[in-house]
Structures are given as C-alpha cells and as structure tokens.
Amino acid sequence: EEVFNKSNQDGVLIKTYIPEERNVLELVETIKAKISLLPDCGLDIGEGSVSLSNVNESDWANEWKKYYKPTKIGQKIVVKPTWEEYEAKEGDLIIELDPGMAFGTGTHETTSMCIQQLEKYVKQDSKVFDIGCGSGILAIAAAQLGAKDVLAVDLDEVAVKVSKENIELNKVEDKVKALHGNLMEVVSDKADIVVANIIADIIKILAKDIKNFMKDDAVFISSGIIHAKVDEVKASLEENGLEIIEVQSLGEWNAIVSKIK
C-alpha cells in the first residue's frame, strides 16, 4: 500500500491505495488492526474508521504529490520534489527527490532532525552509514554536505531500489551506495557517523551492537523516538557503552545523538 497523510481541521486522514487484485476484505481488517495500534505510537486518533471507495490508479499515484513541496531543512539542505520548480538561493544544497513507495520526503520531523544533526557533524572526509535508508534522503544529504563515503542499507527491497534511483538522480553515485540487508550482515567497516531514522524499539536493539560499526570518535544519530520512549532509548544506549550528547525534540518526536564513552 502507498500511504499519505493529509491534515485537516478534523485531524489526520490516512488514505491507502489497494490494488484491484488484492483481497480487499483481508486488507481492511489489516488496516483496522494497524489503526488500533496508532495510540501506542503516540497518536491519539479517537474513533478510527475505515471506508472503501473506487479510485483510478493513475489518479492515486499523483494525488499525494499535491501536498509535497520544496522544503528547506536546517541551514543548507533543500528537499525538492522532482516535479516541482525551485529557485536556488546562495548556500542552498538541493536534494532532488521522488520518494515513490519508500518513506522519506524530508518533511517529517524525524527526518528533519536527522538532517539538522548531519549538518553539525558531517565533515569533508566523513564516512557515514544510514540504517533504514527509505528513500535515501539522509544518505544523499550526507553526500551533499561533503561526506566522501556513504553507505545506505535497508531491509526493504523497494526502499533500496528507490534509494538507488534518487542517488543517481542527485549524481552522487561516486559517494553513495545502497545495499539490501541488515547492517550487521552487509557491513564490516566502521563509520564516523551512523544515522538511524527508525523507531525506538529497533534503536534499542541496534544499541547492543552499534559500537562495532563506529570509530572511536564517531557519533550515532538516532531518530523516530516518541516522547514516551526517550528514557528507554537513552538507558539502552548508556547500558551498551554510549554517552548521550544531545536530545533534540520536534513536535511529538525526538532524536538522540550519542558517542562511545
């Protein structure tokens, strides 16, 4: 399913496209189950409901694009959808992006915080690992900021495909590679910066082994953490030999920057 959110005065409307050949009733039950879990993710949805309507597939593929516009994130990075015009200003670093069916448009608070932290820490000779790369936006941002070697990994084959397309679109193939798989299985090197924009529970799992992929003076930027999970993630990082440098909050979300003690 391809999902987009449209905020309105009544709350958030989540629309999901279901291809004709899929079992609609089965998917409706799955969607209902997911809606029931949203409060656990920090979203108060009240009385969630599901309705069905027929939508032309080509219309759906373009509908969400109406709500995705060029956005400046941090001091330098501007994320520009491929179909939008944007007049670059002095100092702008442009990322051309078509997220397709992968997460990562740059407009979400979790992605925005990661990019702001990358602006702080990326240097000209930096090696960066992006865990759960989605659309490849963070890996591309790192390259645009001057990193010389960036590796993007994701367990989702679609995300890796989209990342590769966006890497080529931004002409950073010489710096960025996207691989399908688990970081622990496809990487044997160490980085100056590791960034993971995922969810709190996965970050807690990563914390157990992340030091093995960090140079002595490296930083680990983790995001996708709701307020209720911040203390749990901090404790997990500290228990596994990491020191908290900064906790950044934006909206309902948090990013934690840590380093090896």
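Procedures and definitions
Residues numbered from 1 in each chain as written. Predicted model: local features only at pLDDT ≥ 70, side-chain atom pairs only at ≥ 80, totals over all residues. Heavy atoms only, no water. Helix = DSSP H or I, 4+ residues; strand = E, 2+ residues; numbered from the N terminus. Buried < 20%, exposed > 50% of the residue type's maximum accessible area, 1.4 Å probe, protein only. Contact = heavy atoms within 4.5 Å. Axes fitted to C-alpha atoms, helices over the stretch in contact; angles between N-to-C directions. Parallel < 35°, antiparallel > 145°, perpendicular 65-115°, else oblique. Left-handed = near helix turned anticlockwise from the far one by under 90°. Polar contact = N/O pair within 3.5 Å; in protein donor to acceptor, adjacent residues only side chain to side chain. Salt bridge = Lys/Arg side-chain N within 4 Å of Asp/Glu carboxyl O.

Caption draft 1: Region of interest: the overall build of the protein. Per the secondary structure count, the protein includes 8 helices and 12 strands. Relative to its full complement of 261 residues, the protein shows a buried share of 43%. In the protein, once contacts between residues fewer than 6 apart in sequence are set aside, the share between residues at least 24 apart is 60%.

Caption draft 2: Local environment of the packing of helix 3 (residues 109–121) against helix 4 (residues 137–144). Packing of helix 3 against helix 4 leaves a shortest axis separation of 10 Å and a crossing angle of 20°. When the axis of helix 3 is compared with that of helix 4, the two are roughly parallel. In this structure, helix 3 crosses over helix 4, and the sense of that crossing is right-handed. Facing Thr111, Cys114, Ile115 and Leu118 of helix 3, the residues of helix 4 in contact are Ile137, Leu138, Ala141 and Ala142.

Caption draft 3: Structural context of the side chain of threonine 111. Along the chain, threonine 111 falls in helix 3. At 3.2 Å, the side chain of threonine 111 forms a polar contact with the side chain of asparagine 197.

Caption draft 4: Spatial organisation of the pattern of salt bridges. All told, the structure shown has 11 salt bridges when counted by the stated rule. Of the charged contacts in the structure, one is a salt bridge between lysine 72 and aspartate 92, with a shortest N-O distance of 3.3 Å. With a gap of 20 residues between them, lysine 72 in strand 3 (residues 71–73) and aspartate 92 in the loop between strand 4 (77–81) and strand 5 (93–97) connect regions that are remote in the sequence. Taken together, the salt bridges that share partners define one network made up of Asp201, Lys204, Lys229 and Glu232.

Caption draft 5: Region of interest: unusual backbone geometry. With a phi close to 55°, lysine 171 is a non-glycine residue in the positive phi region. Within the secondary structure, lysine 171 sits in the loop between helix 5 (157–169) and strand 8 (176–180). By relative accessible area, which is 66% here, lysine 171 ends up exposed.

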